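Each chain is listed here by its residues.
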Amino acid sequence: MDRKKTRKVQVGNIYVGGDYRVSVQSMTNTDTRDVKSTINQIKALQNAGCDIVRCAVLDMEAAEAIKEITKGIEIPLVADIHFDYRLALEAIKNGVSALRINPGNIGSKDRVETVAKACMEKNIPIRIGVNSGSLSKDILKKYGKATPEALVESATRHVEILEDLSFRNIVVSIKSSNVNTMIDSYRLASAKMEYPLHLGVTEAGTIWRGTIKSSIGIGTLLSEGIGDTIRVSLTGDPVEEIKVGKEILKNFGYVKNGIEFISCPTCGRTQIDLIRIANEVEDKLANCQKNIKVAVMGCVVNGPGEARDADIGIAGGKGEGLIFRKGEVIKKVKEENLVEELINIIDTL
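Being a predicted model, the structure only gives us computed values, none of them experimental. (Residues numbered from 1 in each chain as written. Predicted model: local features only at pLDDT ≥ 70, side-chain atom pairs only at ≥ 80, totals over all residues. Heavy atoms only, no water.)

A.B. asks: Whenever I open this one, the overall build of the chain confuses me. Can you help?
C.D. replies: For the chain, the helix and strand inventory stands at 11 helices and 15 strands. A principal-axis box enclosing the C-alpha atoms of the chain has dimensions of 75 × 45 × 30 Å. Relative to its full complement of 349 residues, the chain shows a buried share of 51%. Summarising the internal contacts of the chain: among those between residues at least 6 apart in sequence, 63% fall at separations of at least 24. When the accessible surface of the chain is totalled, it reaches about 16,200 Å², and 47% of it is carbon and sulfur. Each charge class in the chain can be summarised by its mean position, and for the 48 positive and 46 negative side chains these summaries are 2 Å apart. (Helix = DSSP H or I, 4+ residues; strand = E, 2+ residues; numbered from the N terminus. Buried < 20%, exposed > 50% of the residue type's maximum accessible area, 1.4 Å probe, protein only. Contact = heavy atoms within 4.5 Å. Areas by Shrake-Rupley, 256 points an atom, 1.4 Å probe, with all protein chains shown as cover. Lys, Arg positive; Asp, Glu negative; His and termini not counted. Charge placed at Lys NZ, Arg CZ, Asp CG, Glu CD.)

A.B. asks: Mind showing me how you'd approach the nonpolar core here?
C.D. replies: One broad trend across soluble globular proteins is that nonpolar side chains are buried collectively. L77, I81, L99, V172 and L199 are the most contacted members of the largest nonpolar core, which totals 74 residues. Beyond its immediate sequence surroundings of up to four residues, L77 is in contact with I42, V53, C55, I66, I69, T70, V96, S97 and A98. The next biggest cluster of nonpolar side chains, apart from the first, holds 29 residues, and it includes V296, I312, A315 and I346. (Core = buried A, V, L, I, M, F, W, Y, C linked by side-chain atoms within 4.5 Å.)

A.B. asks: Please explain a nonpolar patch on the surface as it appears in this structure.
C.D. replies: Taken together, W208, I212 and I216 make up a surface patch of nonpolar side chains, about 330 Å² in accessible area. Mapping I216 onto the fold places it in helix α8 (residues 207–223). For I216, a relative accessible area of 45% puts it in the partly exposed group. (Patch = residues over 30% accessible without salt bridge, like charges linked within 9 Å, V, L, I, M, F, W, Y side chains within 5 Å. Salt bridge = Lys/Arg side-chain N within 4 Å of Asp/Glu carboxyl O.)

A.B. asks: Would you take a moment to explain the layout of surface pockets for this structure?
C.D. replies: If a probe as big as a water molecule is rolled over the atoms, it shows which places are left empty. Taken as a whole, the largest pocket spans an internal volume of roughly 850 Å³. Taken together, 27 residues form the lining of the largest pocket, with K243, K246, E247, L285 and A286 sitting closest to its centre. If you tally residues by element for the lining of the largest pocket, the top one is helix α9 (residues 238–251), at 7 residues. Residues that form the lining of the largest pocket fall into these classes: 10 nonpolar, 9 polar and 8 charged. Built from parts of two domains, the lining of the largest pocket gets at least three residues from each of domain 1 (6–252) and domain 2 (259–348). Roughly 430 Å³ of internal volume is contained in the second largest pocket. In terms of lining, the second largest pocket is formed by 26 residues, of which the most central are M27, R54, T202, R231 and S233. Broken down by secondary-structure element, the contributors of at least two residues to the lining of the second largest pocket are β7 (126–131), β8 (170–175) and α9. Residues that form the lining of the second largest pocket fall into these classes: 5 nonpolar, 13 polar and 8 charged. (1 Å grid on protein atoms, 1.4 Å probe; cavity = no way out; pocket = protein on both sides within 12 Å on 5 of 7 lines; lining within 4 Å. Points joined across faces, edges and corners; volume = space filled by probe spheres on them. Nonpolar A, V, L, I, M, F, W, Y, C, P; charged D, E, K, R; others polar. Domains from an automatic or database assignment.)

A.B. asks: Could you clarify how one ought to interpret the domain arrangement of the chain in this entry?
C.D. replies: Note on interface size: it is often stated as the accessible area lost on association of the parts. Per the domain assignment, the segments making up the chain are domain 1 (6–252) and domain 2 (259–348). One C-alpha centre belongs to domain 1, the other to domain 2, and the line joining them spans 39 Å.

A.B. asks: Where do I start with the packing of α8 against α9 in this structure?
C.D. replies: Each pair of packed helices gets described by two things: the angle between the helix axes and the distance between those axes. Running from N to C, α8 and α9 cross one another at 35°; their axes reach a closest spacing of 10 Å. You can see that α8 and α9 cross each other, and the crossing is right-handed. On α9, the residues touching I207, T211, S214, S215, I218 and L222 of α8 are E240, V244, I248 and L249. Within the contact of α8 with α9, the residues separate by chemical class into 6 nonpolar, 3 polar and 1 charged. (Axes fitted to C-alpha atoms, helices over the stretch in contact; angles between N-to-C directions. Left-handed = near helix turned anticlockwise from the far one by under 90°.)

A.B. asks: Quick question: what am I supposed to make of the side chain of D228 here?
C.D. replies: Tracing the sequence through the fold places D228 in the loop between α8 and β10 (229–231). Of note is the side chain of D228, whose polar atom sits 2.8 Å from the side chain of R3. Side-chain polar atoms of D228 contact the backbone nitrogen of L197, separated by 2.9 Å. Ignoring anything within four residues of it in the chain, the contact list for D228 reads R3, K4, T6, V16, G17, R21, V22, S23, P196 and L197. (Polar contact = N/O pair within 3.5 Å; in protein donor to acceptor, adjacent residues only side chain to side chain.)

A.B. asks: What is the right way to read the packing of aromatic side chains from this model?
C.D. replies: Here a ring pair, both rings aromatic, is described through the centre-centre distance and the interplanar angle of the planes. Going through the model one piece at a time under the given rule, you end up with 1 aromatic pair. Ring geometry for Y15 and Y20: centres 4.6 Å apart, planes at 20°, overall stacked. (Phe/Tyr/Trp six-rings, centres within 6.5 Å; stacked < 30°, edge-to-face > 60°.)

A.B. asks: Got a minute to help me understand the pattern of salt bridges in this structure?
C.D. replies: Two side chains of opposite charge can pair, provided their charged atoms sit close to one another. Here the structure, examined in full by the defined rule, presents 26 salt bridges. Here R33 makes a salt bridge to D31, at a shortest N to O gap of 3.0 Å. Assessed through its relative accessible area of 31%, R33 is described here as partly exposed. Linking E280 and R276 is a salt bridge whose minimum nitrogen-to-oxygen distance equals 2.9 Å. Taken together, the residues E280 and R276, both in helix α10 (residues 274–284) and 4 residues apart, mark about one turn of the helix. Through salt bridges with shared partners, a single ionic network connects D138, K142, E153 and R157.

What follows is the structure, encoded as structure tokens:
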């Protein structure tokens, strides 16, 4: 699908917007002041495929910790700051690649100008992040609740504050925990703004519910060509956010490396322990970067034929399975050896 072309923004060594690929982000849940734990988590996120990571900067000690954190990581770091412009200045000084801060919430115009000037000097972009819980009283009074129009008006206000200072190195996010509100908000913003959009459903929930809500919200917008970078918000290990985000992007063709995994839902024809086998294969291939399609099918009826476009796959029988490539059977293997044999063949591809 064709993406809407937005302004290009550089975040460290990653470009967001323009013709650049859709990137995936996450946020640490460590105490940023705990430098070692934060670095370790960021490294785990990077290994999972995270492009950009964000840290909460809740006080000056956290802002000072940024200096050591940035020395120990390889991906761009975004400082998440609320209200205190001094934390933004300290984070800039200590090497962050971007700020997440709403200019309307940090006080006087002089303070905003000071932050904007510091960002301009180091080519550091600002992400304006609006959500349902951050609307000003007058906007809530005008619209009655956090409608898409209210959210976009709030974002526009923050953008105009920076534009009045000739600052346009901006990324915008407009999030809601309600999927329909989130989708409609981004649609409105995309029609009005030239800035790259950071997609996400905020407070999406646990890994199970949050994955569903995020996939619907982010996926709908990506299918319409809207969105330049994404963050899946889950209550859990942030590495899970990257796994889900990468899978969303892969299914839209935005990520080319890594396996495409398909498996049948099982039925009464299935005579092997396919659920266990599918989970084991998926787990063993979690870090596989080969651009191949792998199929795990329950029977010969829906096996080689239905999954004939798979580069490699298995189809279950009674206590055994067939291994096939592009629909052609190449080997029959006992059930207990099926996963090992499949992985061995994949290793040779």
